[in-house]
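# Tertiary structure, described
If you want the building blocks of each chain, they are given just below.
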Number of protein chains: 4
Amino acid sequence: RDVQIGVVGAGAMGTEHIRLLSEQVPGARVTVVHDPDPARVALVRQRFPHVLPAPTSDELINAEAVDAIVIAAPDEDHESLVLRCLEAGKPVLCEKPLASDSAGCLRVVQREAELGRQLVRVGLMRRFDPVHRAVRDQLADGAVGEPVAMHCTHRVREVPAWFTGDMTFTNAAVHDIDVVRWILGTEIASVTVHSPSGPAVANAAFVDPQIVVFETLRGTVVTLELFLNARFGYQVTCEVVGTSGVVSTAQVASPVLLRQGRRSSGIDIGFQSRFASAYQAELTEWTRAVGGGDQPGGATAWDGYLVTVTAETCVRAAREATRVAIDAMERPALYDPRRDAQLDAV
Amino acid sequence: RDVQIGVVGAGAMGTEHIRLLSEQVPGARVTVVHDPDPARVALVRQRFPHVLPAPTSDELINAEAVDAIVIAAPDEDHESLVLRCLEAGKPVLCEKPLASDSAGCLRVVQREAELGRQLVRVGLMRRFDPVHRAVRDQLADGAVGEPVAMHCTHRVREVPAWFTGDMTFTNAAVHDIDVVRWILGTEIASVTVHSPSGPAVANAAFVDPQIVVFETLRGTVVTLELFLNARFGYQVTCEVVGTSGVVSTAQVASPVLLRQGRRSSGIDIGFQSRFASAYQAELTEWTRAVGGGDQPGGATAWDGYLVTVTAETCVRAAREATRVAIDAMERPALYDPRRDAQLDAV
Amino acid sequence: RDVQIGVVGAGAMGTEHIRLLSEQVPGARVTVVHDPDPARVALVRQRFPHVLPAPTSDELINAEAVDAIVIAAPDEDHESLVLRCLEAGKPVLCEKPLASDSAGCLRVVQREAELGRQLVRVGLMRRFDPVHRAVRDQLADGAVGEPVAMHCTHRVREVPAWFTGDMTFTNAAVHDIDVVRWILGTEIASVTVHSPSGPAVANAAFVDPQIVVFETLRGTVVTLELFLNARFGYQVTCEVVGTSGVVSTAQVASPVLLRQGRRSSGIDIGFQSRFASAYQAELTEWTRAVGGGDQPGGATAWDGYLVTVTAETCVRAAREATRVAIDAMERPALYDPRRDAQLDAV
Amino acid sequence: RDVQIGVVGAGAMGTEHIRLLSEQVPGARVTVVHDPDPARVALVRQRFPHVLPAPTSDELINAEAVDAIVIAAPDEDHESLVLRCLEAGKPVLCEKPLASDSAGCLRVVQREAELGRQLVRVGLMRRFDPVHRAVRDQLADGAVGEPVAMHCTHRVREVPAWFTGDMTFTNAAVHDIDVVRWILGTEIASVTVHSPSGPAVANAAFVDPQIVVFETLRGTVVTLELFLNARFGYQVTCEVVGTSGVVSTAQVASPVLLRQGRRSSGIDIGFQSRFASAYQAELTEWTRAVGGGDQPGGATAWDGYLVTVTAETCVRAAREATRVAIDAMERPALYDPRRDAQLDAV
Ligand SMILES: [Mg+2]
Ligand SMILES: [Mg+2]
Ligand SMILES: [Mg+2]
Ligand SMILES: [Mg+2]
């Protein structure tokens, strides 16, 4: 029997999840949708007539016809929605961030730990991107020896007017923080932020780009360039420097054109096209596992907590222009790494 | 309701199709399998217990629980199986080739044309490969002007001992022939084969590589290198030269390694890994269309007939070492190109 | 003491040679120039005041102050000029072609063979291009086994109005013919030309592109695309397919730009920029050898003869649309390959 | 008349400079060599018999037959040698570093400023590397807007046993420091060093790699990875992030091989092969300018002073694990940037 899924939030992200679950994820069936905006719900139901509307998120979460929940609501509602899924005892895949701040994330982690069962996954979808997985696999295979440094870039064409400087870290960098932890298999210990100044950034709404340097528990130094007004397109890369070689993410395949004096290939416009297959794989894995009673792969509530703690530390490090140590709670036993992950404890 | 699919043939290809349909194709359900070898059937049923065995292919084709059929049986059975699907009035996706020879393909085309309804699709899966589609899209968008030449390579690590020189064309080149027709949107008019000789190929079981030159109805010259003992890996490329630029297939994305004095990225081992996403997309599109009562995209019986006619012309051209014109039947009205395809008539 | 060089021809090519010899070639000194056009001579002497004018080419060739001659005069004068250098017993580097046609080339070869001393070098400068040399070296090192096929492209942005279809072969393809012989270390045995037709080439001054297929004495099949109105830029590539791998020319290094949705690097505008370092290396090697009394590397009169014979065979093969065997004289003993070259005899 | 050059130091570097000046630099003639080790001198004179030995460096510097001096002696002798060239009023090209420490560099700068004439150039040869020049040109052409960040890597296969951790900065990073200043056209204002720790670097002779972050006077943030035991080969890259795009150094051209399941190209073994053309161009430009009485391009004594000051600041920043501001003297008027350079004043 298909897994019956309720989706909270019918904005761009929620609608895209409904589309993927309906058209590209085997074994999934979106049964119920909720959004406070009836116009959005109507649009979804026009495209997917079999999806029923729920008047409230509570009714959706507790509906008989809902086995599991996808949350694509505004960030400030994530914590409350996830907590209610936990009370309902239903698996939930929550778009990042897990909560508005680390305190909220902590409340989710603590409640899940109390209940003693992992029900939460966080939509840190790069873990399902084939390009990133291949880098992690090469590292795990010993292709470049032990990691000693890592360089990441996260470049976005432009961000909306409501975007703030702090969101550079809490909204954008959380993906990179997760990738660093997941690829290196260890935790971030401290953060320094190097902010440019001067004429080139003088009139921007916030300081951009920002260069973050992480140091991990294993002593690896990681640089991360966050550039949210990069103009040229959307690009995410990482390069791991090892004791015997270097491995870096493949360029995404795109036809090569020879035109007008240049050899060129396309760059993505945004994360939607760049990570389309990651979203599909994430939902497919989650649906498969939920349907089979397994623990899905992907980021846990603990991961969601740690990426937000680290992002908040970046905010502080940027403000104070100094190295700041990560101060996180101890990891509850519920999140002890399975053998295939082997993360260091913070 | 899911499309109920019967699969004829439980060898490597048939089993892989069953796996894809079961795990990665939304809306598909493999209900019945047939293979004359009971051991193969047993293996399939071990992995996919809900799939029922059919004692004969006829019983499979005509089963109530089978809406549509996938054929992955030996090549010599394709024609007969497809014809029986036509009689049963059920959609069929037949692995290439459509029949053992062009006469067989012609019988299928004629029977389907008589029946007046397209039920057949041929597994020329490159049409669903994103890398090839992107080249076709660029050409259609006018990125390089009008095509004036095209260069293709098809390199295979090695072939089994039973592979013959003629199969270079009838087994391998059919994929390239289809790509040329599909990307250029016109038909191949003539074929020349340039065969190497001399010490390097003296001890091979058959002449390899072979260089084929096609000329199309629109006057474009196409080169194709077929190399079936290329050793280094599996590689398929194409490059279209236009009046204002050149477009070529992207390299498949693979992490970049710096190791031991070289910068490198991986090459596929075989068609299975290279075209994994193409197979999935092909089956997904076919399932979706069959389920919705639409005409699926992909190669028709007419395409299956033409690629085999062209491959047989290559065999003759290689033997006679001269240019040979393609001699094909007139295209039945059933296969008139839909607007989005706009192929020239032969 | 510096080698004193006279340059015949003060057009673009001659002037560039004078500049290179004056500024970038150690041990060279341009002492005399001749051109029938006094304006051109005046321009040269403005930039290089120490260069004396010679009223006639004969006076230049026979001048005391001229040890060796570079010929950059119109093609139709090459033969006569080279013959006079031979009579004067002075080393000569003649821009390709060696003569207006193969009969003229033959006269040069026969006279040089009579005189029994190699004095002629032909400006087939790709032999000095690091990118091409590296491919040849890899092949010689056995990196890809024995060569079984080769693919070349020669794409030019545009050609002047006086360019004719035959010149596709006699003017442009001579470089590629030389590269094929030099890299594969064997001779071309036959030629087929596949000419496009149809709307895309209907209004061109001549048929373009042309696809040439060579077969060598060792049985290797070589494809060559010649495209003289390629618009997008200037590009020369070759790829050698061997029994255990494939080696191809590096892309010329150019900074990578991420801009406006594309990742790109520059393509050369013309042969001058693409082969700037090849011209310099050619003149440097020639000056060094002439100064030291050695045989310079590079193409001999025999190479100059063979490339023109082969180009003329291409003209005939294009006209007759059939395979045509190369019909060349027997190689005089004077041109027996030195050990490092090991060409097969025709 | 050729420029007559004396070379002090006949080790690997000195001998290579003698070879380049003799074989590849027009207008240069090495007339005299000095090295305290007579065996080295003998080896040089075996290859270049016309080069006379000078018993002392003073005799070389003051020899009639020496117009200009190249210094490739041990680092600790640079200052004294350069100062004596200044006294002799002869142009000198000194391998980096200009002196053993910044105090020594300062003495050279002050003496040259007193004398009021630029005679010193420092062998920071990357300014003559076509790959780096092309990045600088693109930036100057506005191809990527205003620079806002920059990322550099400097990876060396291995270093000799006598190499110390401080030399990571004073010996290796001086090249990168110079490139950053020269490409960005501004000065470095402060330095932070992020040092890895933990098992991967535990047994190394010194901490490696080191990640340096520079902030420039214009507010640009620059990351630099220095990795001196990178094993895989020698690689130097830089990438400039601008307000409208990104430009990065081209990969050095190398033939592409398809072999054993991988597509690969070669990486340099060391700086000698990587920067061969840069050394040649540096010596050619210097010889040309010295011969013509011009100011040569390339790094001045002031540049030599600043790179060493900055490298020493890196040493301190690594030790103190904190951001350290560059504390340099005011630039003497003698080094006011010419219009084509337009560096900011420190
Ligand atoms: Mg996300
Ligand atoms: Mg197939
Ligand atoms: Mg030429
Ligand atoms: Mg140096």
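This text goes with the structure placed above it.
These notes cover the structure that comes with them. The model shown is predicted, which means the values in this text are computed figures rather than measured ones.

### A word on the overall build of chain A
Scanning chain A from N- to C-terminus turns up 10 helices and 15 strands. Over its C-alpha trace chain A gives a radius of gyration of 20 Å, about what one expects of a compact globule, namely 20 Å for 346 residues. Projected onto the principal axes, the alpha-carbon positions of chain A cover approximately 55 × 55 × 40 Å. Looking at the 346 residues of chain A, the share that counts as buried comes to 60%. Of all intrachain contacts in chain A linking residues separated by at least 6 positions in sequence, the fraction that spans at least 24 positions is 72%. Within the structure as shown, chain A displays about 13,100 Å² of accessible surface, and the carbon and sulfur contribution to it stands at 49%.

### Let's talk about the interface of chain D and chain A
Facing the 39 residues of chain D at the interface are 39 residues of chain A. Around 2,700 Å² of area is buried between chain D and chain A when both sides are counted, 63% of it from carbon and sulfur atoms. For the interface between chain D and chain A, the tally reads 2 salt bridges. Note that Glu239(D) is salt-bridged to Arg155(A), the shortest N-O span being 3.3 Å. Connecting chain D to chain A are 9 residue pairs in polar contact (both at pLDDT 80 or more).

### Notes on the relation of the copies chain A and chain C
Once chain A has been moved 0.0 Å along the axis and rotated by 180°, it coincides with chain C to within an RMSD of 0.0 Å. The transformation just described matches what one would write down for a two-fold rotation axis. Closest approach to the rotation axis within chain A is made by the C-alpha atom of Ser264(A), at a distance of 2.0 Å. A share of 100% of the interface residues of chain A reappears at the interface of chain C, consistent with the copies meeting face to face through the same patch.

### So, the interface of chain A and chain C
In this complex, chain A contributes 16 residues to the contact, which on the side of chain C involves 16 residues. Summed over both sides, the interface of chain A with chain C buries roughly 1,400 Å², with 48% coming from carbon and sulfur. Per-residue buried area on chain A facing chain C is highest for Leu258(A), Arg262(A) and Arg263(A); these three make up 41% of the total on that side. Taken together, the links from chain A to chain C amount to 0 salt bridges. On inspection of chain A and its partner chain C, the count reaches 10 residue pairs in polar contact (both at pLDDT 80 or more). Taken together, the residues that form the side of chain A that touches chain C break down as 5 nonpolar, 7 polar and 4 charged. Alignment of strand β14 (residues 262-266) of chain A against strand β14 (residues 262-266) of chain C, held across 5 bridges, turns out to be antiparallel. Residue pairing across strands places Gly266(A) opposite Arg262(C), the latter belonging to β14(C).

### Considering the relation of the copies chain D and chain A
Least-squares fitting of chain D to chain A yields an RMSD of 0.0 Å, with the transformation described by 0.0 Å of translation along the axis and a rotation of 180°. By residue overlap, the copies meet face to face through one surface: 100% of the interface positions of chain D are interface positions in chain A.

### A few points about the environment of Val240(C)
Among the secondary structure elements, Val240(C) is positioned in strand β11 (residues 235-242). When neighbours within four sequence positions are excluded, Val240(C) is seen to be in contact with Val135(C), Leu139(C), Pro147(C), Ala149(C), Met150(C), Ile183(C), Leu184(C), Gly245(C), Val246(C) and Val247(C).

### Re the packing of aromatic side chains
All names here are of chain A. Per the stated rule, a full pass over the model turns up 24 aromatic pairs over all chains. Both rings, one in Tyr-234 and one in Phe-275, keep their centres 6.3 Å apart while their planes meet at 85°; by these two values the pair is edge-to-face. Of this pair, Tyr-234 sits in the loop between β10 (221-227) and β11 (235-242) while Phe-275 sits in the loop between α8 (271-274) and α9 (276-292), and the two are 41 residues apart along the sequence. No difference in accessibility class separates Tyr-234 from Phe-275, as the two residues are buried.

### Concerning unusual backbone geometry
Residue and element names in this part refer to chain C. Here the amide bond leading from Lys-96 into Pro-97 is cis, since omega sits at 0°, within 30 degrees of zero. With an omega of 0°, the peptide bond running from Asp-208 to Pro-209 counts as cis. Positive phi is not limited to glycine here, since Ala-321 has a value of about 50°. Relative accessible area serves as the criterion here: at 40%, Ala-321 is assigned to the partly exposed category.

### Notes on the side chain of Asp268(B)
All names here are of chain B. Within the element layout of this structure, Asp-268 appears in the loop between β14 (262-266) and α8 (271-274). The buried charged residue Asp-268 lacks any salt bridge partner; its closest oppositely charged side chain belongs to Arg-274, at an N-O distance of 4.7 Å. In this structure the side chain of Asp-268 is engaged in a polar contact, spanning 3.3 Å, whose partner is the backbone nitrogen of Arg-274. Excluding residues that lie within four positions of it along the chain, Asp-268 makes contacts with Gly-233, Tyr-234, Val-252, Ser-273 and Arg-274.

### Section: the pattern of salt bridges
Under the defined criterion, the tally for this structure stands at 100 salt bridges over all chains. Linking Asp336(C) and Arg331(C) is a salt bridge whose minimum nitrogen-to-oxygen distance equals 3.9 Å. Residue class for Asp336(C) comes out partly exposed when judged on its relative accessible area of 45%. Residue classification places Arg331(C) among the buried positions, given a relative accessible area of 17%. The salt bridge partner of Arg111(D) is Glu87(D), with a shortest N-O separation of 2.7 Å. Of the two residues, Arg111(D) is situated in helix α5 (residues 102-115) and Glu87(D) in helix α4 (residues 78-88); the sequence distance between them amounts to 24 residues. With a relative accessible area of 26%, Arg111(D) lands in the partly exposed category. When its relative accessible area of 48% is taken as the criterion, Glu87(D) is described as partly exposed. Overlapping salt bridges bring together Arg127(A), Asp178(A), Arg181(A), Glu187(A) and Asp303(A) as one network.

Conventions we followed
- Residues numbered from 1 in each chain as written.
- Chains lettered and ligands numbered in written order.
- Predicted model: local features only at pLDDT ≥ 70, side-chain atom pairs only at ≥ 80, totals over all residues.
- Heavy atoms only, no water.
- Helix = DSSP H or I, 4+ residues; strand = E, 2+ residues; numbered from the N terminus.
- Rg over C-alpha atoms; globule rule 2.2 N^0.38 Å.
- Buried < 20%, exposed > 50% of the residue type's maximum accessible area, 1.4 Å probe, protein only.
- Contact = heavy atoms within 4.5 Å.
- Areas by Shrake-Rupley, 256 points an atom, 1.4 Å probe, with all protein chains shown as cover.
- Buried area = accessible area lost by both parts, 1.4 Å probe.
- Salt bridge = Lys/Arg side-chain N within 4 Å of Asp/Glu carboxyl O.
- Polar contact = N/O pair within 3.5 Å; in protein donor to acceptor, adjacent residues only side chain to side chain.
- Least-squares fit on C-alpha atoms with pLDDT ≥ 70 in both.
- Nonpolar A, V, L, I, M, F, W, Y, C, P; charged D, E, K, R; others polar.
- Pairing = 2+ DSSP bridges.
- Phe/Tyr/Trp six-rings, centres within 6.5 Å; stacked < 30°, edge-to-face > 60°.
- Lys, Arg positive; Asp, Glu negative; His and termini not counted.

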